[in-house]
Amino acid sequence: MGQVGSGDGSCEVTKVRKSAINIKKKRKHLELQLFLVTFAPKWEYMNKKDKLIKRFRNLPRDFTFEEMTALFKQCGFELGNKGATSGSRVEFIHEKDGNSYIMHKPHPANIIKGYVMRQVLSYLTTNGYLKE
């Protein structure tokens, strides 16, 4: 009795018992996962656009011209220059309504000045391109 191949079905019974134990373990694991998900803090998931806007709103001292260009593009602007004799002036033109913002490329460094950052923030929020 109880030997493999004896025909009494004991092997099948042990398989059923092991299966029941595995189900109980899985259930406890799932309950633990459910508990963790239920009481986990809500994280803010931010994409690149949101991160750039958040960084810009903090008016950092190391905001580059490339970041400014990306910010304007995310707000629906295209970069254009003012012509062959424009020097370092560039114009950001909104694709839908045609509004534009003219600024100078920073030189010799690539960092945007603080007063320009404040002006751009004011322009974008006043005209509704950045939401409060």
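Presented here is an overview of the structure given in this document. (Residues numbered from 1 in each chain as written. Predicted model: local features only at pLDDT ≥ 70, side-chain atom pairs only at ≥ 80, totals over all residues. Heavy atoms only, no water.)

## Things to note about the overall build of the protein
- Scanning the protein from N- to C-terminus turns up four helices and three strands.
- Its helices and strands in sequence order give the protein the pattern α-α-α-β-β-β-α, from N to C terminus.
- Here the protein, with 132 residues, has 25% of them falling under the buried criterion.
- The long-range share in the protein, meaning contacts at least 24 apart out of those at least 6 apart in sequence, stands at 40%.
- Carbon and sulfur atoms provide 56% of the accessible area of the protein, an area that totals close to 10,400 Å². (Helix = DSSP H or I, 4+ residues; strand = E, 2+ residues; numbered from the N terminus. Buried < 20%, exposed > 50% of the residue type's maximum accessible area, 1.4 Å probe, protein only. Contact = heavy atoms within 4.5 Å. Areas by Shrake-Rupley, 256 points an atom, 1.4 Å probe, with all protein chains shown as cover.)

## A short note on the sheet that holds strand S3 (residues 100–104)
- In spatial order, the strands read S1-S2-S3; together these three strands make up an open sheet with antiparallel pairing. Every other strand in the sheet has two partners, leaving strand S1 (77–81) and S3 as the edge strands with one partner each. With direction set aside, neighbouring strand axes in the sheet form an average angle of 25°.
- Inspection of the sheet shows strand S2 (residues 89–94) paired to S3 by five bridges, in the antiparallel sense. Within S3, the position partnered with Arg89 by the bridge is His104.
- Those strands touched by helix H3 (residues 65–74) are S1, S2 and S3, and its axis lies near 20° from that of S2. (Pairing = 2+ DSSP bridges. Axes fitted to C-alpha atoms, helices over the stretch in contact; angles between N-to-C directions.)

## Examining the side chain of Glu67
- Within the secondary structure, Glu67 is located in helix H3.
- Among the polar contacts listed, one links the side chain of Glu67 to the side chain of Arg55, at a separation of 2.9 Å. (Polar contact = N/O pair within 3.5 Å; in protein donor to acceptor, adjacent residues only side chain to side chain.)

## Here's the deal with unusual backbone geometry
- Here the residue pair His107 and Pro108 is connected by a cis peptide bond, since its omega of 5° sits within 30 degrees of zero.
- If you trace the backbone, Pro108 turns up in the loop between S3 and helix H4 (114–126).

## Here we look at the packing of helix H2 (residues 48–57) against H3
- One can describe the packing of H2 onto H3 by two numbers: an axis separation of 10 Å at closest approach and a directional angle of 120°. For the pair H2 and H3, the crossing hand works out as left-handed. When H2 is examined against H3, the residues Lys49, Leu52, Ile53, Arg55 and Phe56 are found in contact with a partner set consisting of Glu67, Met68, Ala70, Leu71 and Gln74. (Left-handed = near helix turned anticlockwise from the far one by under 90°.)

## Thoughts on the packing of aromatic side chains
- For the coordinates displayed, the defined rule picks out nine aromatic pairs.
- With 4.1 Å between their ring centres and 5° between their planes, Phe72 and Phe92 make a pair best called stacked. Here the residue Phe72 occupies a position in helix H3, and Phe92 occupies one in strand S2, the gap between them amounting to 20 residues. Like Phe92, Phe72 is buried.
- One aromatic cluster is present, formed by Phe65, Phe72, Phe77, Phe92, Tyr101, Tyr123 and Tyr129 through successive ring pairs. (Phe/Tyr/Trp six-rings, centres within 6.5 Å; stacked < 30°, edge-to-face > 60°.)

## Re the pattern of salt bridges
- Across all of its chains, the model carries two salt bridges by this definition.
- Between Arg55 and Glu67 there is a salt bridge, and its shortest N-O distance comes to 2.9 Å. Taken as a pair, Arg55 in helix H2 and Glu67 in helix H3 lie far apart in primary sequence, 12 residues in all. (Salt bridge = Lys/Arg side-chain N within 4 Å of Asp/Glu carboxyl O.)

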